[in-house]
Amino acid sequence: MVVEIAKRRLTMQTVEIAPKTTAIRSLDWDRDRFDIEFGLQNGTTYNSFLIQGAKTALIDTSHEKFRQLYLDMLMGLIDPAKLDYLIVSHTEPDHSGLVKDVLALAPNVTVVGSKVAIQFLENWVHQPFTQQIVKNGDRLDLGNGHVLEFVIAPNLHWPDTIFTYDAKTQILYTCDAFGMHYCDDHTFDQDLDLIAADFRYYYDCLMGPNARSVLSALKRMSELPTISTIATGHGPLLHHNVTELVDCYRQWSQAQAKAETTVAVFYISDYGFSDRISQAIAHGITKTGIAVEMMDLKSADPQEVRELVNLAAGLVIGTPPIAGPDAAIHTALNTILAAAKAKQSVGIFESGGGEGESVYPLLAKFRDLGLRPAFPPILIKDTPKPFVYKLCEEAGTDLGQWLSRERSVKQLKALDNDMEKALGRISSGLYILTTQQDNLSSAMVASWVAQASFKPLGVTVAVARDRAIESLLHVGDRFVLNVLEEGNYQKLMKHFLQRFAPGADRFAGVKTYSATNGCPILADALAYMECEVSSRTECGDHWLIYSTVKVGRVSKPDALTAVHHRKVGNYY
Ligand code: FEO
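Residues numbered from 1 in each chain as written. Predicted model: local features only at pLDDT ≥ 70, side-chain atom pairs only at ≥ 80, totals over all residues. Heavy atoms only, no water.

### Brief notes about the overall build of the protein
- From N to C terminus, the protein includes 15 helices and 29 strands.
- By the compact-globule yardstick of 25 Å for 572 residues, the protein fits well, its C-alpha radius of gyration being 25 Å.
- Reported as C-alpha extents along the three principal axes, the dimensions of the protein are approximately 80 × 60 × 60 Å.
- By residue count, 56% of the 572 residues in the protein fall in the buried class.
- Looking at the protein alone, contacts between residues at least 24 apart form 71% of all its contacts between residues at least 6 apart.
- Looking at the protein as shown, the accessible area adds up to about 24900 Å², and 53% of this sits on carbon and sulfur atoms. (Helix = DSSP H or I, 4+ residues; strand = E, 2+ residues; numbered from the N terminus. Rg over C-alpha atoms; globule rule 2.2 N^0.38 Å. Buried < 20%, exposed > 50% of the residue type's maximum accessible area, 1.4 Å probe, protein only. Contact = heavy atoms within 4.5 Å. Areas by Shrake-Rupley, 256 points an atom, 1.4 Å probe, with all protein chains shown as cover.)

### Observations regarding the sheet that holds strand β6 (residues 110-113)
- Taken in spatial order, the seven strands make up an open sheet running β1-β2-β3-β4-β5-β6-β7, and their pairing is mixed. Each end of this open sheet is capped by a strand with a single partner; those strands are β1 (10-18) and β7 (130-133). Adjacent strand axes in the sheet meet at a mean angle of 20°, parallel and antiparallel pairs treated alike.
- Those strands touched by helix α4 (residues 115-125) are β6 and β7, and its axis lies near 130° from that of β6. (Pairing = 2+ DSSP bridges. Axes fitted to C-alpha atoms, helices over the stretch in contact; angles between N-to-C directions.)

### Digging into the sheet that holds strand β9 (residues 147-152)
- Spatial strand order, β8-β9-β10-β11-β12: five strands in an open sheet with mixed pairing. Bordering the open sheet on either side are β8 (139-141) and β12 (229-232), each of which pairs with just one other strand. Each neighbouring strand pair of the sheet contributes to a mean axis angle of 25°, computed without reference to strand direction.
- Strand direction decides the pairing type here: β9 and strand β10 (residues 162-166), joined by five bridges, are antiparallel. Following the sheet pairing, Ile152 is matched in β10 by Ile162.

### Focus on the packing of aromatic side chains
- A complete count under the given rule lists 10 aromatic pairs for this structure.
- When the ring of Tyr46 is compared with that of Phe66, the centres are 5.9 Å apart and the planes differ by 65°; the resulting orientation is edge-to-face. Residue Tyr46 is found in strand β3 (residues 44-52), and its partner Phe66 is found in the loop between β4 (56-59) and α1 (67-77); the two are separated by 20 residues along the sequence. Each member of the pair, Tyr46 together with Phe66, is buried.
- Taken together, the ring pairs connect Phe178, Phe199, Tyr203, Tyr249 and Trp252 into an aromatic cluster.
- The lysine or arginine in question, Arg405, covers the ring of Trp402, its NZ or CZ lying 3.7 Å from the ring centre. (Phe/Tyr/Trp six-rings, centres within 6.5 Å; stacked < 30°, edge-to-face > 60°. Lys NZ or Arg CZ within 6 Å of the ring centre and 35° of its normal.)

### Re the confidence of the model for the protein
- With 94% of its residues at a pLDDT of at least 70, the protein reaches an overall mean of 92.
- Scored below 50 in pLDDT, residues 1-6 shows zero contacts in the model against residues more than four places distant or in partner chains. (pLDDT = per-residue confidence, 0-100.)

### Topic: the pairing of strand β13 (residues 262-267)
- In terms of residue burial, β13 counts as a mostly covered element, since six of its six residues are buried.
- In β13, alternate side chains face the same way, and those of Thr262, Ala264 and Phe266 on one face and Val263, Val265 and Tyr267 on the other are all buried.
- Note that β13 and strand β15 (residues 314-319) share four bridges and pair parallel. What sits directly across from Phe266, in β15, is Ile317.

### So, the pattern of salt bridges
- Across all of its chains, the model carries 22 salt bridges by this definition.
- Taking the shortest distance from any N to any O, the salt bridge between Arg67 and Asp101 comes out at 2.8 Å. Of this pair, Arg67 sits in helix α1 while Asp101 sits in helix α3 (residues 99-105), and the two are 34 residues apart along the sequence.
- Within the structure, one salt-bridge network assembled from shared partners comprises Arg200, Asp204, Arg465 and Glu538. (Salt bridge = Lys/Arg side-chain N within 4 Å of Asp/Glu carboxyl O.)

### Quick look at unusual backbone geometry
- Between Leu156 and the following residue, His157, the backbone shows a cis peptide bond with an omega angle of 20°.
- With respect to the element layout, His157 can be found in the loop between β9 and β10.
- With an omega of 0°, the peptide bond between Lys455 and Pro456 qualifies as cis.
- Here Pro456 lies in the loop between β22 (449-453) and β23 (458-464).
- Phi at Lys20 takes a positive value of approximately 55°, unusual for a residue other than glycine.
- As for its placement among the helices and strands, Lys20 is situated in the loop between β1 and β2 (21-28).
- The phi torsion at Gln170 lies on the positive side, around 60°, for a residue other than glycine.

### Concerning the packing of helix α5 (residues 192-207) against helix α8 (residues 274-286)
- In contact at an axis separation of 8 Å, α5 and α8 are set at 110° when each is read in the N-to-C sense. When the interaxial angle is binned, α5 and α8 end up roughly perpendicular. Here α5 contributes Asp204, Cys205 and Leu206 to the contact with α8, which in turn contributes Arg276, Gln279 and His283.
- By residue class, the composition of the contact of α5 with α8 is two nonpolar, two polar and two charged. (Parallel < 35°, antiparallel > 145°, perpendicular 65-115°, else oblique. Nonpolar A, V, L, I, M, F, W, Y, C, P; charged D, E, K, R; others polar.)

Shown next, in the form of structure tokens:
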């Protein structure tokens, strides 16, 4: 029997991006929906940079899957033994996966990083290395005009992150920040239309939950001289749209930071899947307009932990199966327990496998203190699959919706005026939107649906930002629009309007069959259309999803579409 193993496409690119400055880009064309932030499935790149002044510095390495390709490329550019500095912007393995290999080739290299980064590296490489800890504003002169200045940028995306600015080339190296998971041959951002959705999605998943840290980093960046290029760790480098894209980060982060309510999300940056799970939950929370502050339990200062717990309305805590062995984590958990207040909401997840289940005793302690569990404990034993990330995102949204419920009721009451009543006279049909991608499925009742174009045949659907289905409606995604029938829609409406638990199967007990695009058609619908998302436009608290219609069918030619009449315009 011949077994064909699909080869992942991994390629390399080197480009001289400025005098004596080379980008070494590891192109991962097929990186798919493994982590939540890769949801758009456009691959990714891992970018490393070589600066050759009188002395030579390498900024970050690559993912270990590129070991041979990357090291061959590096050795083709320089003799690694002559490297003077290895600057580690951030220790997550997608950038530092080959640090040990570089140390083996360059035993005399000085590793430069933040205090936290050096600590993380020491715990990881288990061998002595020459090190230099840098603080905000510290400089390193490589000679020939390449004077590097360091900017401390914690939480973008771990607490260890630094940016590096080269005064000679006006390049700012930012690792995760300003990146995107997008892979193509273009080194730079010349086609903004092509990358805009990926830039935004990456921000929402990775940076939005750290909006206040983004604003602090932007403030520090504003104190630097001109920045002509932002050399990110993922995707194309920003050169043609630096001002515009930095401004996007500012606007999006200001909007997040304005939120009146905050949830504290505690995680362990380098343990199991704690980081990615916390990110999915945080993403779900921010969809509801609630701010998130993330904090790494291992490196956090007890005073910072106390302050964050004090200001938060909700707490999310990621624990290892047994919290005991690591003293720092143990101390941080005790600090959270001591500072927690009755009436706060709490959600706990456990990641990293193993048999221990510290999550239940911990939750019991919070209950005893009077905190309200926001979602059932989430236990992650194996590598999380997409449906686990989806469940986590929905758990975060549940928590956010609970915390914003009073504000929503107040807004509803405050807006009940003539204008709202007039707006309420806009009527529409009733529909159920259904979708299925691999093992992920979702559905929602939709009434803000309208035909939007003849050529091509297209429709728009307005989807609230905190809807679970929203994350399955990106450009290229497919769905079915089921049209409900006048006089025969109550059962389906009742089913799909119920409040589903995070990750629950929306189709249990509902008769469906599969459309050619793989999404469920409701057997009791009057008609259906198979659609593909062409674009998404942000409209306040909704996304307006424009989609082309590929296939459609009516089951009862004489029946009428159910009509939705409202009284006020500030509710569906
Ligand atoms: Fe791309 Fe947080 O590493």
